[in-house]
2 protein chains.
Amino acid sequence: MAIERRPLRDQIREELMLRLERGDFAAGTDINEAVLAGELGVSRTPLREALITLAGEGVLESNQGRGFRFAPVSRKEFRELCAIVAALEALALESSDPAHLREIAPELLRLAREFSVDVAARQEIERHDDEWHDLLLSGCGNERLLDLITSVKAGMRRYTHLMSGDGTPTARAAEEHRRIAERLLEDDLQGAVSALRDNWVNGMERMIPRIP
Amino acid sequence: MAIERRPLRDQIREELMLRLERGDFAAGTDINEAVLAGELGVSRTPLREALITLAGEGVLESNQGRGFRFAPVSRKEFRELCAIVAALEALALESSDPAHLREIAPELLRLAREFSVDVAARQEIERHDDEWHDLLLSGCGNERLLDLITSVKAGMRRYTHLMSGDGTPTARAAEEHRRIAERLLEDDLQGAVSALRDNWVNGMERMIPRIP
DNA sequence: ATGTAATATTTTGTATGCAGAATTCATAGT
DNA sequence: ACTATGAATTCTGCATACAAAATATTACAT
């Protein structure tokens, strides 16, 4: 049995991200450290450490004397984040090992098709989408880049719970994934890259109207 | 008089970055929190908070039970960082306000020329280069992107003190800056973007041999 | 001399305590 | 009724204290 042996701050960070995705915290709300620490059953010290890392990722804001609060969402910021992730994922895909891409292309296509028929819960969809992108970029040797993408995407999780119901996004995302996979099957890397960029742009457009 | 009122962790972070640039810490060395806190005249708590943010930026590594240490440098990582910053700055430049770019182009050109004749100290050169890039991207409205660039560049500061003496890099960098500015003067945004990418690629090639 | 087990020391990770800033609430004045 | 002022409270930011893990040291057996 591999017992859990890692800093509390990491576990706390994870738990907070989970709650954030569930929409437990309204954006723009102040965090009460003592209360939250009590809920989690830890002291304020590791909690604050987790909050500081989240602030570094842009999930939280911190003001002198006023503590931390969940950064408010805005269409402008969402657009900014999408542009950033699009560029980073495009770079990651471009610098991936072509042989590896050829290898995983069929799997990517299969998952994309499976995705389209699947009418799962919203959270399932998110997870599936994340995993698909992870697989897509699994051939990128640039570790720093992958870390950075993960970090920026963490900042985007604040927006995911705004998207509920409505099956059309799923269908369209699947369609786009399929297109990316097909380009890879044809050894058309640049085509795949621009299809990936389209995927992010379209995903953004789909989300924008739901943001206040 | 605007008195300084900001968290110790920020000031500590700044001080540590300064020391890092001066080459005070050898990469790969463990940090003793108690000793360092003593040197800085603060307690371990805000110091650890600063260390955690630096770890988030990739300047430090942290291992369970073993605390923090300066992340070792490597050619591979430097290449990775350059590729990331190149992509991010390219995106920032692309999404800048064209009118603003037209406006600052002459100033950018002037600074680039001034740069080439100036034979200042290494630290001065770095500062100048940073300011030039800041001005170049000053028309980008994507705040998250600018923050991210700053953060990634912080991780690159570990490499700057490896570059000493040797005037040729300066001359070539000035030349490249000049080229970028000229493209902007001609309203050739895409040309400027690719010149910017070249600037990073070339800068990388110049540095690589100096890294163990 | 070398390797190993037991112990002591150091150092990190977490909890608690405390001072001061920010906010809230009550009260007085217009 | 509304604003201003000031006390009371809450909460953060930082310091200190404690517990557990890691490292160094010693003693001992081979």
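- Going by an unreviewed UniProt entry, chain A carries the name GntR family transcriptional regulator and comes from Streptosporangium pseudovulgare.

**Regarding the UniProt feature "domain: HTH gntR-type" (unreviewed entry) in chain A**
Point 1. Per the UniProt record, "domain: HTH gntR-type" (unreviewed entry) is found at residues 6-73 of chain A.
Point 2. Taken end to end, residues 6-73 of chain A is 51% helix and 12% strand, and its first and last C-alpha atoms sit 31 Å apart.

**Here's the deal with the layout of surface pockets**
Point 1. Considering only enclosed or pocket space, the second largest pocket measures out at about 690 Å³ in volume.
Point 2. Lining the second largest pocket we find 33 residues, and of these Ala87(A), Arg197(A), Ala87(B), Leu91(B) and Arg197(B) sit closest to its centre.
Point 3. Every element with two or more residues in the lining of the second largest pocket is listed here: helix H4 (75-94) and helix H9 (189-207) of chain A together with helix H4 (75-94) and helix H9 (189-207) of chain B.
Point 4. Partitioned by chemical class, the residues of the lining of the second largest pocket number 19 nonpolar, six polar and eight charged.

**Thoughts on the protein's contact with DNA strand D**
Point 1. Taken together, 18 residues form the shell around DNA strand D, and within it Ile31(A), Arg48(A), Leu8(B), Ser43(B) and Thr45(B) come nearest.
Point 2. When atoms of DNA strand D within 4 Å of the protein are split into backbone and base, the sugar-phosphate part holds 73%.
Point 3. Arg44(A) places a polar side-chain atom, nitrogen or oxygen, 2.9 Å from a base nitrogen of DNA strand D.
Point 4. Ser43(B) is positioned with one of its side-chain polar atoms (N or O) 2.8 Å from a phosphate oxygen of DNA strand D.
Point 5. Sorting the residues of the surface near DNA strand D by element identifies helix H3 (44-56) of chain A together with helix H3 (44-56) of chain B as the ones contributing at least two each.
Point 6. Its residues placed into classes, the surface near DNA strand D shows five nonpolar, eight polar and five charged.

**Some words on the protein's contact with DNA strand C**
Point 1. Inspection of the region around DNA strand C gives 19 residues, with Leu8(A), Ser43(A), Thr45(A), Ile31(B) and Arg48(B) positioned closest.
Point 2. Within 4 Å of the protein, the contacting atoms of DNA strand C are 65% sugar and phosphate, with bases supplying the remainder.
Point 3. In this structure, Arg66(A) approaches DNA strand C through a side-chain N or O atom, which is 3.3 Å from a phosphate oxygen.
Point 4. A distance of 2.8 Å separates a phosphate oxygen of DNA strand C from a polar side-chain atom of Arg48(B).
Point 5. Elements supplying a minimum of two residues to the surface near DNA strand C: H3 of chain A together with H3 of chain B.
Point 6. A per-element tally of the surface near DNA strand C places H3(A) first, with three residues.

**Digging into the nonpolar core**
Point 1. Membership of the largest hydrophobic core comes to 85 residues, with the highest contact counts inside it found for Phe78(A), Leu88(A), Leu136(A), Phe78(B), Leu88(B) and Leu136(B).
Point 2. Residues within four places of Phe78(B) in sequence aside, it is in contact with Met156(B), Tyr159(B), Met204(B), Met207(B), Ile208(B) and Ile211(B).
Point 3. Residues Leu20(A), Leu20(B), Leu51(B) and Phe68(B) belong to the second largest nonpolar core, which totals 37 residues.

**Some points on the packing of helix H7 (residues 143-160) of chain A against H4(B)**
Point 1. At their nearest, the axes of H7(A) and H4(B) sit 8 Å apart, and the two run at 50° to each other. Our classification of the angle between H7(A) and H4(B) gives oblique. Within the contact between the two elements, H7(A) uses Glu143(A), Arg144(A), Leu145(A) and Leu148(A) and H4(B) uses Lys76(B), Glu77(B), Glu80(B), Leu81(B), Ile84(B) and Leu88(B).
Point 2. Looking at the contact of H7(A) with H4(B) residue by residue, the classes come out as five nonpolar, no polar and five charged.

**Some details on the pattern of salt bridges**
Point 1. In this structure the tally under the stated criterion is 52 salt bridges over all chains.
Point 2. Put simply, Asp24(B) and Arg22(B) hold a salt bridge, and the shortest N to O gap is 2.9 Å.
Point 3. Among the ionic pairs, Arg48(B) bridges to Glu33(B), the shortest N-O distance being 2.9 Å. Taken together, the residues span a long stretch of sequence, with Arg48(B) in helix H3 and Glu33(B) in helix H2 (residues 33-40) at a distance of 15 residues.
Point 4. A single salt-bridge network, built from bridges that share partners, covers Arg9(A), Glu49(A), Glu33(B), Arg44(B) and Arg48(B).

**Quick look at the pairing of strand E2 (residues 67-70) of chain B**
Residues and elements named next belong to chain B.
Point 1. Inspection of the sheet shows strand E1 (residues 60-63) paired to E2 by four bridges, in the antiparallel sense. Residue pairing across strands places Ser62 opposite Phe68, the latter belonging to E2.
Point 2. Count of turn residues in the E1/E2 antiparallel hairpin: three residues, of which Gly65 carries a positive phi of about 80°.

**Overview of the side chain of Lys153(B)**
Residue and element names in this part refer to chain B.
Point 1. Relative to the helices and strands, Lys153 is located in helix H7 (residues 143-160).
Point 2. The buried category is assigned to Lys153, whose relative accessible area is 13%.
Point 3. Within the local environment of Lys153, its side chain forms a polar contact with the side chain of Glu89, the two groups lying 2.7 Å apart.
Point 4. Setting aside its immediate chain neighbours within four residues, Lys153 contacts Val85, Glu89, His133 and Trp200.

Conventions and cut-offs
Residues numbered from 1 in each chain as written. Chains lettered and ligands numbered in written order. Predicted model: local features only at pLDDT ≥ 70, side-chain atom pairs only at ≥ 80, totals over all residues. Heavy atoms only, no water. UniProt positions renumbered as here; feature names shortened; annotations may be inferred. Helix = DSSP H or I, 4+ residues; strand = E, 2+ residues; numbered from the N terminus. 1 Å grid on protein atoms, 1.4 Å probe; cavity = no way out; pocket = protein on both sides within 12 Å on 5 of 7 lines; lining within 4 Å. Points joined across faces, edges and corners; volume = space filled by probe spheres on them. Nonpolar A, V, L, I, M, F, W, Y, C, P; charged D, E, K, R; others polar. Near = heavy atom within 4 Å. Polar contact = N/O pair within 3.5 Å; in protein donor to acceptor, adjacent residues only side chain to side chain. Core = buried A, V, L, I, M, F, W, Y, C linked by side-chain atoms within 4.5 Å. Buried < 20%, exposed > 50% of the residue type's maximum accessible area, 1.4 Å probe, protein only. Contact = heavy atoms within 4.5 Å. Axes fitted to C-alpha atoms, helices over the stretch in contact; angles between N-to-C directions. Parallel < 35°, antiparallel > 145°, perpendicular 65-115°, else oblique. Salt bridge = Lys/Arg side-chain N within 4 Å of Asp/Glu carboxyl O. Pairing = 2+ DSSP bridges.

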